[in-house]
Structure formats: structure tokens, C-alpha cells
Amino acid sequence: AAASRVFAFRDVRWAPDPMLEPSAAVRTPQPVPLVIDNGSFQTRAGWASADPAVPAEPLLRFRSLAARSRGARGGAGAETQVGNDLGSPEPLRWLLRSPFDRNVPVQLELQELLLDHVFQRLGVASQGCVDHPIVLTEAVCNPLYSRQMMSELLFECYQVPKVSYGVDSLYSFYHNRRQNWPCSGLVISSGYQCTHVLPVLEGRLDAKNCKRINLGGCQAAVYLQRLLQLKYPGHFAAITLSRMEEILHEHSYIAEDYIEELQKWQSPEYYENNMHKMQLPFSSKLLGSTLTSEEKQERRQQQLRRLQELNARRREEKLQLDQERLDRLLYVQELAEDGQMDQFHKALVELNMDSAEELQSYINKLSLSVEQTKQKILQSEVSIEVDVVDSKPETPDLDPLGSEQSLEDVESINEFEPLFAEEQPEVEKPVAAVQPVFNLAEYHQLFLGTERIRAPEIIFQPSLIGEDQAGIAETMQYVLERYPKEQQAVLVQNVFLTGGNTMYPGLKARVQKELLEMRPFQSSFQVHLASSPVLDAWYGARDWAVEYMTREEGWITRKDYEEKGGEYLKEHCASNVYVPIRLPKQAPRTAEALAPSRVTPSTGNPSEQP
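Cut-offs applied
- Residues numbered from 1 in each chain as written.
- Predicted model: local features only at pLDDT ≥ 70, side-chain atom pairs only at ≥ 80, totals over all residues.
- Heavy atoms only, no water.
- Phe/Tyr/Trp six-rings, centres within 6.5 Å; stacked < 30°, edge-to-face > 60°.
- Helix = DSSP H or I, 4+ residues; strand = E, 2+ residues; numbered from the N terminus.
- Buried < 20%, exposed > 50% of the residue type's maximum accessible area, 1.4 Å probe, protein only.
- Lys NZ or Arg CZ within 6 Å of the ring centre and 35° of its normal.
- Contact = heavy atoms within 4.5 Å.
- Axes fitted to C-alpha atoms, helices over the stretch in contact; angles between N-to-C directions.
- Parallel < 35°, antiparallel > 145°, perpendicular 65-115°, else oblique.
- Left-handed = near helix turned anticlockwise from the far one by under 90°.
- Pairing = 2+ DSSP bridges.

**A word on the packing of aromatic side chains**
For step 1, the next point in the chain: Across all of its chains, the model carries 10 aromatic pairs by this definition.
For step 2, the next point in the chain: With a centroid separation of 5.4 Å and an interplanar angle of 45°, the aromatic rings of Trp-544 and Trp-555 are classed as tilted. Note that Trp-544 is positioned in helix H17 (residues 536–547) and Trp-555 in the loop between H17 and strand S20 (556–557), a separation of 11 residues in sequence. An identical accessibility class is assigned to Trp-544 and Trp-555; each is buried.
For step 3, the next point in the chain: Summarising the aromatic geometry, the rings of Tyr-568 and Tyr-578 are spaced 5.4 Å apart at their centres and angled 80° between planes, so their arrangement reads as edge-to-face. Within this pair, whereas Tyr-568 is found in the loop between helix H18 (558–564) and helix H19 (591–594), its partner Tyr-578 is found in the loop between H18 and H19, the two being separated by 10 residues in sequence.
For step 4, the next point in the chain: A network of ring pairs unites the aromatic residues Trp-265, Tyr-270 and Tyr-271 as a single cluster.
For step 5, the next point in the chain: Seen from the ring of Phe-9, Arg-243 lies directly overhead, with NZ or CZ sitting 5.5 Å from the centre.
For step 6, the next point in the chain: The positively charged end of Arg-551 is found above the aromatic ring belonging to Tyr-548, 4.5 Å away from the centroid.

So, in C-alpha cells, the structure goes:
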């Protein structure tokens, strides 16, 4: 049972997105809409068409990240990688950039890189423009400036014919509707950066009573990373954000009663039965040697051959240098024999010699050295390979006149000293493997106990990480109390959970428990979880695009953009509420204010005006 609770980190590398070839159905009889779920954690894109030849699922799913390298010194330009092309985020953690601040896109240069990646990989083949309508998700109560910049990017850069903006959680609510639309409900959306509580009345968002909590999966991963780095300081670098996200996705859960669950973890038996061990990668090589005597002797033979080859190469290099010096000295000696005494004396000065006798002495020494080196090279070529097992090997002939040996060579020679002993033992004792003093695999394990519930708990208790905010339960109660009792009863009949951060086991039961505590006695409520909390936003946007493809409702055309500005929004069932910019009216200027100022004749001072 203990072994079954040891889980290895998968450390999955992202596979680069393929270059897709769209089917003819996405362009005929007219270009179909392109649906992009522009999330702060992940971008999802695909086509919206009722034709069965077009896949009814997102064709691209990649992290909303980009990394731009600084470029090589050789003159190569900076290289930009987007999404799954990064392979793994950890080696590039300090180069990663996201277009989002919380859940609002603010870096439009990076947003353009993500859109380029989408259009390129989906095979949008139109020249100079994107001739498909775009359905794009945006944040709840998105700032007008962000929408204005996004519209400018789509209409001016990509020349799209029309675009529609909607809220991802409302698209998910639209996709999972269980009643006749329009219907009412309380949408709880928890994503990577934020958590929202959204009241929906008769199919429309009540934007005045929406509330946001600035906590999500990102803050939970950072909190879990800090907990484990404090618990295991020896594995500080191995506890990465990617691995913390894997723990949150696969090993964490929401406690129905947090205090009661902590009391359960105090029991040693409960701890042993529910604790998960995460195995970090490690090297299984032991510190001691486990080689047999035959393997050791074979390794020594290889090292002996390597030393002999090294010495032979050094002799050849030394022979070449000595031969070049000897040729130079002989050339100077020929100058004296030919009677060119001026050039001869000049050459002696360059060689730092005083007389012809000193020159002749150097020539004799170099000639002897060259001959000796040639003899040694010939002897090494015809020598028979020494058998280090049965006979006593000779010491490799190290060049007495050669250059100094490196410390590595000296250590390699010292390793042969047991071979040079006069007497060898008849029976060599077997080499015993050195056992480590502790279990190496267990040393590289992370024991997950209460960390499994502490990290996800921050969306209910932000004070755990020092945030002065209300949790989901308090925010729900605050939103409900802003309505009369009749509307409260309608909203709690359809409490809808969506978003990637709502996939923790036990979250639905926790929300039901919190509602039971805050609702009146014997009142009823229903809590529903999205069928696919991560992808339902894209599916809902696709459903809306297919249904409203031929209508004008919800679509912003290029004419609307040019006439009403980039911040303009056409509302629909899953959109934000459009609040136009209202500039304050200037007070009309009176005739006296419009009259030119006159200088008083008495003083002539311009400051003294009537």
C-alpha cells in the first residue's frame, strides 16, 4: 500500500503544435467563424461550423506564454517561441512573458504573437488579412481601454470582417443550460488568476453586482511551492511551479470542513493512509565501486593504451618542433659556409647566440634529440601489447626530454601501481558494493500531507496567504444579500461552477455546505458543476457562433468600429454590459468671457483687467 502511494512527476514536455490544413467546409459557402478562448492560462482555438466535416472541438490548446531569446553573438536575430513550441517552461522561466495582467490582456505586442500563432497553425490562407469572423472571450467587466486595443489589433492589423466579444464563464453557463433559455443563476468561475461570482438574471449578466476575488490557480501553485520549499530546503531547485501545478491538478482536494479535516490529519494512522509521496528524479549511481576484478583489469588496460597513445602523440609533436628548430639552425650555418657573414651575424643575434661554436653545440644536441625520438617512435610501433593480467607490464616510456605532464596523467599512472607489485595474491577477494547509509530514493521524495488541502483552501480563506480579501462563501453571501428574497431563491436554484480551478474533488460538496449554512431553514438550492470546466467556455462560444452566424446581434462590424470606436460592444446573452464613455460637458462660455481683455488706461498693467 505504501509503494502504491509513491507517484513520480511526469514532467511532460509540450509537443509543438502542427501546421493544420483546414477543410474546404470552413471557407464554403462563406468563411465560418473562428472561436478563440483567450484565457490567461491557456488559449484554445477552433472553427465554429454545423458541418460534420469540421471538428466540433478546439484544434489548438497551448499556454498563453511567449519567450524571446536575446540572440546569438554571431549575429543571429532574437528568436520568439510561443505556447507549446517552448517545450518546457522551466528552463525559460525568467524569459516567459504573458500578455495578461491578472485576466486582462494589456500587452498587445504579446497578444499579437499569440494570434499570429493561432492563425498560422490553423492554416488561415487568406492573403494580407483574416477573412473569418472572430469570436473572442474577454474578462468580466473588461476595461474599455483593453477592448479598444483588442479591436484595433483585430480590425487594423488582421482586417477581420466582424468580431464578437463574450465572457468565458457566461459561454460555459450558456453551454450547460438545463432549463429553457433565458434562465437565471449564480455563476462561480474560478480560473488561473481570478475567481468571479456572477449573478445572471433572465439570461443577462447583472454587472452591477458582480464580484471578483484576486485569487486562482496561480496563487495556489505559488503557495504550495513555498510550503514545500520550506519543508524540503535540500530540494529547493527541484520544487518548480510546473510540478506544483501537477500536484494541484492530480493530488489536491477541497476539504468539506477544513478544521475537521486538519484534526483528522493529526492521527498517525490517517496520515499514513492518505499521505502521497512524490518521487523527484535522482541519480542511482553509488559512491563506491561495484566493478569486478576482470572489469577493473579491462579498464586498466584501456587506460594503459590511452597513456601510450598520448605519449606517442607527444613524441611526434616534439619531433616536429625539434626538426623545425634544427632546420633553422642548419640554414644559419649554411650562411656562414656561403660567406654571407652579415646575414650570419644578424641571425646569431636573433637566436641569442654569441659564436659559431655555440651554434654548432646546439645543432649537435638537437640532432641527438631528434635521433632518440625517432628511435622511440619506431620501438613503440613494433612493441607487442602488454598483457596486464598474466605478465608484469612495463612502465610506459614517458618522454625524458618532453614537456611536463598534466596532473591527470600522473594520477592515471598512480592508478597502475597495484599492477607493478612484485607479488600478486593468488585469489583476489570479491569487491563488495558500498551500500548507502540511507535510502536514496526516499531522500528524494516529497511527503504530501496537509499540503493537499492547504493550497486549494486559499479561495475560501485568502487569509492563509496574507490576502485581505473575502473568500468564495462570504462573497456569495454578499452578492445574494443585494437582492430581495424572491430573487435570492431564484439564483440559488442554479449555482453553477465553472473554470479550471473548480476541478478539485470536494469543491461542489464544500459549496453546498456553505450554502446550507447561509440559507434560511428548510430552503432549497442546487449546485451544478460544468460538464467540462476547462473547455465548456469554448464549446459555449462555438454554440453561440453557430446559432448567431447569420444574425447581426452581437457582431461588431468594421463599420461599427470606425463609427463608434474600438471600445464599442454589441451586447448578447453571454457578453458584458456596454457602458459607453461619457465625457463631462463643458460649461458654455459667456459673452463676457469671450470678449478680449483690455488694458486699463490708468496703469497700463496687463494684469489689471476688468
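**Observations regarding helix H5 (residues 241–251)**
For step 1, the next point in the chain: Of all 11 residues in H5, 8 are buried; the element is thus mostly enclosed.
For step 2, the next point in the chain: Every buried residue of H5 is listed here: Leu-241, Arg-243, Met-244, Glu-245, Glu-246, Ile-247, Leu-248 and His-251.
For step 3, the next point in the chain: Each element contacted by the buried residues of H5 is listed here: strand S1 (6–8), strand S4 (60–63), helix H4 (217–231), strand S16 (276–279), strand S17 (445–448) and helix H13 (451–454).

**Some words on the packing of helix H8 (residues 293–337) against helix H9 (residues 341–350)**
For step 1, the next point in the chain: Close contact between H8 and H9 brings their axes to 8 Å; oriented N to C, the two are set at 150°. Judged by the inter-axis angle, H8 sits roughly antiparallel to H9. For the element pair H8 and H9, the recorded crossing hand is left-handed. Seen from H8, the contacting residues are Arg-328, Val-332, Leu-335 and Ala-336; seen from H9, they are Met-341, Gln-343, Phe-344, Ala-347 and Glu-350.

**Observations concerning the sheet that holds strand S3 (residues 42–47)**
For step 1, the next point in the chain: Ordered by their spatial adjacency, 6 strands build an open sheet running S4-S3-S2-S10-S11-S20, and the pairing between neighbours is mixed. Every other strand in the sheet has two partners, leaving S4 and S20 as the edge strands with one partner each.
For step 2, the next point in the chain: In this sheet, S20 lies alongside strand S11 (residues 162–167) in antiparallel orientation, the contact comprising 2 bridges. Along S20, the bridge assignment pairs Lys-162 with Thr-557.

**Here's the deal with the sheet that holds strand S7 (residues 96–97)**
For step 1, the next point in the chain: Within the open sheet, the 3 strands sit side by side as S6-S5-S7. Their pairing is antiparallel. Among the strands making up the open sheet, the edge pair consists of strand S6 (80–82) and S7.
For step 2, the next point in the chain: Bridge analysis of strand S5 (residues 66–68) against S7 gives 2 bridges, and the strand direction is antiparallel. When the bridges of S7 are listed, Ala-67 appears paired with Leu-96.
For step 3, the next point in the chain: Helix-sheet contacts for helix H1 (residues 108–121) involve S5, S6 and S7, and the interaxial angle to S6 is about 65°.

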